[in-house]
Amino acid sequence: MSTSLEANRTELAIGLQDIQAARTRLDGHIYYSPCPRSEILSELTGQTVYLKLENLQMTGSFKERGALNRLTLLTGDEAARGVIAASAGNHAQGVAYHSTARGIRSIIVMPVATPLVKVAATQRFGAEVVLFGANYDEAYAEAIRLRDEQGLTLIHAFDDPAVMAGQGTIGLEMLEQIPQMEAIVIPIGGGGLIGGIACAIKEMRPDIRVIGVQTARLPSMEAAIRHGGPITTHPATTIADGIAVRRAGAVTYPMVARYVDEIVTVEEDEIAAAILVLLEREKTLAEGAGATALAALLQQKTTLKGAHTGVLVCGGNIDVTLLARIIERGLVQDGRLIRLRIHLLDKPGALAELTKLIASHRANIVDTMYNRAYYGVNLGDTTIDITMETRGRQQIDDLLAALAAEGYKHTRIQ
């Protein structure tokens, strides 16, 4: 779903000068990430696509830009007392890494269910990790309690002007890297990333279209635009956990309302497909949130037509078990992995005849399972579930036709 956004005259938290000042502070401390043109993705999407690879930052995400900008603005007393943040991953690592580098104590409150790999990474960067609550909201409430109890400074993941200005430095870089840019597509969670980038882009090149992308399961900013202000959406789970924000920021919302031209949403399977395309075609690893912008282009969700388009790959911190499931599911959807349930006579040689037929069509068997008691099998018969690797849908169609021609009763298992 897309929506046209009208200018909002609410006083804005930051301006172009704040983003330019942030860039000066970050100079020499943040990787100037590449932004190459992708011939393959341009062909697939109908745009001329340039990928801004923020997944190559030290902590695997753009988040360290905003965290570092906020840290540089601490007073001496605030730095001495330390900082605290609530995060399930990327913001946590950004705060931890740059706090430790500056000798500042950091505490990160993470939900109890946070994957161990993200907890370990945050600890490795030097933070004290507190596991609390079933979700981000509960972790954030605990962070507020600890802030007040210990006199710490809270570094919010997105709803902070300095954090948003730090994220906006990406926009300045992209204007340099893609002087012919006509549009930019950016993931949206709480709005800090798109708010900062959109301000930088629109203040310098108002002709460039700025398009935001949210997961359809948690379209909090889209809901805020329709409602006229931030509202809390229903809880939901998503593979794009980096943008799983139930309520748009009070600081970021006016920025989005002023500068963003369009917001679209993408489904879970579309995000998973984009992760697989980036991995297989571009050899680039993206997490769910990092692939949402490309997902919108691949699925033709935007109003863009043949534009020179910058696409944010904003993070690459994905759990390997989730990545394995995404790859397997993507292979199934792409017709390169198939499971069939085939009925056989329970006699010597029956399996050999079947596998010979499968081999003649160059499918590779990766798993089998026999069953004689279930699925309505007649006495004297058996079924076998066979999982096979194939080259694609045409090979599957040829194999299914051959099985039918030889009289094999079969069912495709989804």
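Because the structure is predicted, anything quoted here is derived from the model rather than measured. (Residues numbered from 1 in each chain as written. Predicted model: local features only at pLDDT ≥ 70, side-chain atom pairs only at ≥ 80, totals over all residues. Heavy atoms only, no water.)

1. Some remarks on the packing of helix H1 (residues 16-26) against helix H8 (residues 161-177)
Item 1. The contact between H1 and H8 brings their axes to 8 Å, and the two run at 90°. Relative to H8, the element H1 lies roughly perpendicular. Residues Leu16, Asp18, Ile19, Gln20, Ala22, Arg23 and Leu26 of H1 lie in contact with H8, whose contacting residues are Ala165, Gly166, Gly168, Thr169, Leu172, Glu173 and Glu176.
Item 2. Looking at the contact of H1 with H8 residue by residue, the class counts come to 6 nonpolar, 4 polar and 4 charged. (Axes fitted to C-alpha atoms, helices over the stretch in contact; angles between N-to-C directions. Helix = DSSP H or I, 4+ residues; strand = E, 2+ residues; numbered from the N terminus. Parallel < 35°, antiparallel > 145°, perpendicular 65-115°, else oblique. Contact = heavy atoms within 4.5 Å. Nonpolar A, V, L, I, M, F, W, Y, C, P; charged D, E, K, R; others polar.)

2. A few points about the pairing of strand E10 (residues 262-266)
Item 1. Among the 5 residues that make up E10, 5 are buried, leaving the element largely enclosed by the rest of the structure.
Item 2. Across the two faces of E10 the burial is the same, with Glu262, Val264 and Val266 and Ile263 and Thr265 all buried.
Item 3. As defined by bridge partners, strand E9 (residues 209-215) adjoins E10 across 5 bridges and the pair is classed as parallel. Bridging across to E10, Thr215 finds its partner in Val266. (Buried < 20%, exposed > 50% of the residue type's maximum accessible area, 1.4 Å probe, protein only. Pairing = 2+ DSSP bridges.)

3. Here's the deal with the sheet that holds strand E5 (residues 106-110)
Item 1. Reading across from one edge, E6-E5-E4-E7 is the order of the 4 strands in this open sheet, with parallel pairing throughout. The sheet is open, and its two borders are formed by strand E6 (128-131) and strand E7 (153-154), each paired with just one other strand.
Item 2. Across 2 bridges, strand E4 (residues 83-86) lies against E7 in parallel orientation. Paired with Ile84 across the two strands is Leu154, which belongs to E7.

4. Here we look at the side chain of Glu262
Item 1. Looking at the element boundaries, Glu262 is found in strand E10.
Item 2. In terms of polar contacts, Glu262 uses its side chain to reach the side chain of Arg209, at 3.0 Å. (Polar contact = N/O pair within 3.5 Å; in protein donor to acceptor, adjacent residues only side chain to side chain.)

5. Focus on H8
Item 1. For H8, spanning 17 residues, the distance from its first C-alpha to its last is 25 Å, which sits close to the expected 24 Å at 1.5 Å a residue.
Item 2. Where H8 begins, the side chain of Asp160 points an oxygen toward the backbone nitrogen of Ala162, at a separation of 2.8 Å. (Expected span 1.5 Å × (residues − 1).)

6. Quick word on the nonpolar core
Item 1. In terms of nonpolar packing, the biggest core is built from 41 residues, with Met174, Met181, Ile184, Ile186, Ile197, Val210 and Met221 touching the most fellow members.
Item 2. Elements with a contribution of two residues or more to this core: H1, H8, strand E8 (183-187), helix H9 (192-204), helix H10 (220-227) and helix H11 (253-259).
Item 3. Residue contributions to this core peak at 7 residues, all from H9.
Item 4. Among residues more than four places away in sequence, those in contact with Ile184 are Met174, Ile197, Ile208, Arg209, Val210, Ile211, Gly310 and Leu312.
Item 5. With 36 residues, the next largest nonpolar core counts Ala272, Ala274, Val277 and Leu323 among its residues. (Core = buried A, V, L, I, M, F, W, Y, C linked by side-chain atoms within 4.5 Å.)

7. Observations regarding the state of the cysteines
Item 1. In the structure shown here, the tally under the stated rule is 0 disulfides.
Item 2. The thiol of Cys199 is not disulfide-bonded; the next cysteine sulfur, from Cys314, is found 19 Å away.
Item 3. Accessibility expressed as a relative area gives 4% for Cys314, which makes it buried. (Disulfide = S-S within 2.5 Å.)

8. Some details on the sheet that holds strand E12 (residues 337-345)
Hydrogen bonding along the main chain pairs the strands of a sheet, whether they run parallel or antiparallel.
Item 1. Taken in spatial order, the 4 strands make up an open sheet running E13-E14-E12-E15, and their pairing is antiparallel. Both outer strands of the open sheet, strand E13 (364-371) and strand E15 (410-413), are each paired with one neighbouring strand and no more. With strand direction ignored, the average angle separating the axes of adjacent strands in the sheet is 25°.
Item 2. Relative to strand E14 (residues 381-389), E13 runs antiparallel, the two being bridged by 7 bridges. Of the residues in E14, the one forming a bridge with Ile365 is Met388.

9. Section: the packing of aromatic side chains
Item 1. What the rule picks out here adds up to 2 aromatic pairs.
Item 2. Between Tyr97 and Phe125 the ring centres are 5.4 Å apart and the planes differ by 70°, which places this aromatic pair in the edge-to-face class. Of this pair, Tyr97 sits in helix H5 (residues 90-101) while Phe125 is found in the loop between helix H6 (116-124) and E6, placing the two residues 28 residues apart along the sequence.
Item 3. Measuring from ring centre to ring centre gives 6.0 Å for Tyr136 and Tyr140, while their planes differ by 25°; the resulting arrangement is stacked. One end of the pair, Tyr136, and the other, Tyr140, are both in helix H7 (residues 136-150), 4 residues apart, so they sit about a helical turn from each other.
Item 4. A cation over an aromatic ring shows up here: Lys52 above the ring of Tyr32, its NZ or CZ 5.2 Å from the ring centre.
Item 5. Sitting above the plane of the Phe125 ring, Arg124 keeps its charged end 5.6 Å from the centroid. (Phe/Tyr/Trp six-rings, centres within 6.5 Å; stacked < 30°, edge-to-face > 60°. Lys NZ or Arg CZ within 6 Å of the ring centre and 35° of its normal.)

10. A closer look at the pattern of salt bridges
Should the charged atoms of two oppositely charged side chains come close, the side chains can pair.
Item 1. Inspection of the entire model under this criterion finds 21 salt bridges.
Item 2. For the salt bridge of Arg226 with Glu222, the shortest nitrogen-to-oxygen distance reads 3.9 Å. Taken as a pair, Arg226 and Glu222 lie in helix H10 at a separation of 4 residues, close to a single helical turn.
Item 3. A salt bridge links Arg329 to Asp269; the shortest N-O distance between them is 3.1 Å. Here the residue Arg329 occupies a position in helix H14 (residues 320-333), and Asp269 occupies one in helix H12 (residues 268-281), the gap between them amounting to 60 residues.
Item 4. Shared partners join several salt bridges into a network, and the residues in it are Lys52, Glu54, Arg65 and Glu173. (Salt bridge = Lys/Arg side-chain N within 4 Å of Asp/Glu carboxyl O.)

11. Structural notes on the packing of helix H3 (residues 63-72) against H5
Item 1. Where H3 contacts H5, the axes come no closer than 8 Å and their chain directions differ by 45°. As far as their axial angle goes, H5 and H3 are oblique. Judged by the twist between their axes, the crossing of H3 over H5 is right-handed. Two secondary-structure elements touch here, H3 through Lys63, Glu64, Ala67, Leu68 and Leu71 and H5 through Asn90, His91, Gly94, Val95, Tyr97, His98 and Ser99.
Item 2. Its residues assigned to classes, the contact of H3 with H5 comprises 5 nonpolar, 5 polar and 2 charged. (Left-handed = near helix turned anticlockwise from the far one by under 90°.)

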